Amino acid sequence: MKQLYLSCLSVALLALGSVSVQADEITVFLLAGQSNMAGRADADNLAAGLRRPQSEVQLFDGTTNADSFRPLAPDSGTDFGPEVTFGQSLIASNPDARIALIKSADGGTNLSNDWDPNQQNNNYTAFTDTVALGLQKLADQGHNVTIGGMLWTQGETDAFGNRTQAQYANDLTEFIAAVRGSYGQDLPFFLSRLSDNQTAITTAGYNSVRAAQDQVAANDPNAFLIDTDGFGIKSDDLHFNAQGQVSLGEAFATAVSEVVPIPEPTTAGILGVSTAILLIRRTRPVSRPGPSVRF
């Protein structure tokens with residue numbers, strides 16, 4: 001009887017060994033900036049395929065459905081930003097990946113004060129609080145998280161305020177350093193440049209901010225400039241329309257795909273009951289090239 005019991009146990013363990021579990025790898029991208037990152041484009045102007053919920057991409061913005069991540073999907077009658085086609089484009093290139101977006105954006109905000117990391121209770125504080133809450137939620141769900149990069153769309157308000165090239169370049173450099181101090185020293189930083197279609201900005205600050213954005217990207221090997229010239233613009237000559245936001249999201253995704261490896265879920269065989277428990281509880285670091293930070 002004892003021999004029969006051991007034989008049955010061996011068969012059971014072999015059967016368990018054929019079972020696979022997925023390590024829940026998820027790559028997070030941080031999104032921040034002012035109105036063109038928040039989005040001023042009408043979701044009803046999106047093609048039907050872009051309005052569908054993207055179950056593979058989860059969004060957390062700390063304001064809408066603030067208690068949880070939700071599948072990325074623009075609601076009818078609401079505005080949307082670059083996250084829609086950014087998420088969809090990344091999944092098209094990495095169909096088995098899991099992606100989460102944490103977004104904190106506010107229209108009409110400047111980099112010199114509102115996003116200044118050295119000040120308290122401003123947009124930068126709101127951003128870091130939102131990121132901390134989002135990362136904690138993912139950790140509580142048992143996800144193995146990698147922060148893949150930061151997306152930044154901002155500069156209009158500083159241009160209206162006639163910030164000089166030197167001033168904006170210094171502000172942006174300090175901002176990037178603060179972000180990396182929190183989320184990884186080699187974190188890739190993707191910034192969109194003011195568009196030549198934003199003709200509502202008639203001040204000298206327009207050229208100064210554009211030049212500063214070029215300067216910072218050229219001097220930082222892990223900063224990548226997104227050229228938005230020619231992107232669709234609304235009648236206010238300031239905010240991207242639906243097609244402009246589609247283009248912006250796709251441009252961000254193209255740049256990210258060139259420099260950020262996105263891990264896919266991996267499988268591991270279960271050799272026994274106790275081994276299965278260890279595999280389920282274990283967070284497995286991914287060996288991958290390129291800059292990233294894990295939480």
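What counts, and where the lines are drawn
Residues numbered from 1 in each chain as written. Predicted model: local features only at pLDDT ≥ 70, side-chain atom pairs only at ≥ 80, totals over all residues. Heavy atoms only, no water. Helix = DSSP H or I, 4+ residues; strand = E, 2+ residues; numbered from the N terminus. Contact = heavy atoms within 4.5 Å. pLDDT = per-residue confidence, 0-100. Buried < 20%, exposed > 50% of the residue type's maximum accessible area, 1.4 Å probe, protein only. Polar contact = N/O pair within 3.5 Å; in protein donor to acceptor, adjacent residues only side chain to side chain. Axes fitted to C-alpha atoms, helices over the stretch in contact; angles between N-to-C directions. Parallel < 35°, antiparallel > 145°, perpendicular 65-115°, else oblique. Left-handed = near helix turned anticlockwise from the far one by under 90°. Nonpolar A, V, L, I, M, F, W, Y, C, P; charged D, E, K, R; others polar. Expected span 1.5 Å × (residues − 1).

Caption draft 1: A look at the environment of Thr153. Relative to the assigned elements, Thr153 resides in strand β8 (residues 144-153). With 118 residues separating them in the primary sequence, Thr153 and Ser35 have C-alpha atoms 8.3 Å apart. Non-local contacts of Thr153, meaning those with residues more than four positions away in its chain, are made with Ala32, Gly33, Gln34, Asn36, Met37, Ser192, Leu248 and Phe252.

Caption draft 2: View of the confidence of the model for the chain. For the chain, per-residue confidence averages 84 on the pLDDT scale, and residues scoring 70 or more make up 80% of the total. Confidence over residues 1-23 falls short of pLDDT 50; this stretch has 24 contacts with residues more than four positions distant or in other chains. Predicted confidence is poor over residues 267-292, with pLDDT under 50, and the contacts of this stretch with residues over four places away or in other chains come to 44 contacts.

Caption draft 3: Seen up close, unusual backbone geometry. Although it is not a glycine, Asn162 sits at a positive phi angle of roughly 60°. By the secondary structure assignment, Asn162 is in the loop between α6 (156-160) and α7 (165-183). Taking relative accessible area as the criterion, Asn162 reaches 43% and is therefore assigned partly exposed. If you check the backbone angles, Asp237 has positive phi at about 60° while not being a glycine. Structurally, Asp237 is set in the loop between β10 (223-226) and α9 (242-259).

Caption draft 4: Up close: the environment of Thr157. Inspection of the secondary structure assignment puts Thr157 in helix α6. Among the residues examined, Thr157 registers a relative accessible area of 22% and is labelled partly exposed. Distance from Thr157 to Ser112, taken between C-alpha atoms, is 9.6 Å for residues 45 residues apart in sequence. In contact with Thr157, other than residues within four places in its own chain, are Gln34, Gly108, Thr109 and Asn110.

Caption draft 5: Representation of the side chain of His143 in the model. In this structure, His143 sits in the loop between α5 (123-140) and β8. Classification of His143 as buried rests on a relative accessible area of 10%. At 2.7 Å, the side chain of His143 and the side chain of Asp24 are in polar contact. Apart from the residues lying within four places of it in its own chain, the contact partners of His143 are Asp24, Ile26, Arg98 and Leu138.

Caption draft 6: Looking closely at the packing of helix α4 (residues 83-93) against α9. Relative orientation of the contacting elements α4 and α9 amounts to 40°, with a least axis distance of 7 Å. As summarised for this structure, α4 and α9 are arranged oblique, according to the angle between their axes. When you trace α4 past α9, the crossing you get is right-handed. Contact residues: α4 offers Thr85, Phe86, Ser89 and Leu90, while α9 offers Gln245, Val246, Gly249, Glu250, Phe252, Ala253, Val256 and Ser257. Of the residues in the contact of α4 with α9, the class split is 6 nonpolar, 5 polar and 1 charged.

Caption draft 7: Spatial organisation of the environment of Leu151. Looking at where Leu151 falls in the secondary structure, it is placed in strand β8. We classify Leu151 as buried; its relative accessible area is 0%. Between the C-alpha atom of Leu151 and that of Glu83, which follows or precedes it by 68 residues, the distance is 9.7 Å.

Caption draft 8: Focus on helix α8 (residues 205-219). Look at α8: 21 Å from first C-alpha to last across 15 residues, which is about the 21 Å you get at 1.5 Å a residue. Along α8, the residues that are buried comprise Gly205, Tyr206, Ser208, Val209, Arg210, Ala212, Gln213, Val216 and Ala217. On its buried side, α8 packs onto α6, α7, β9 (189-192) and β10.

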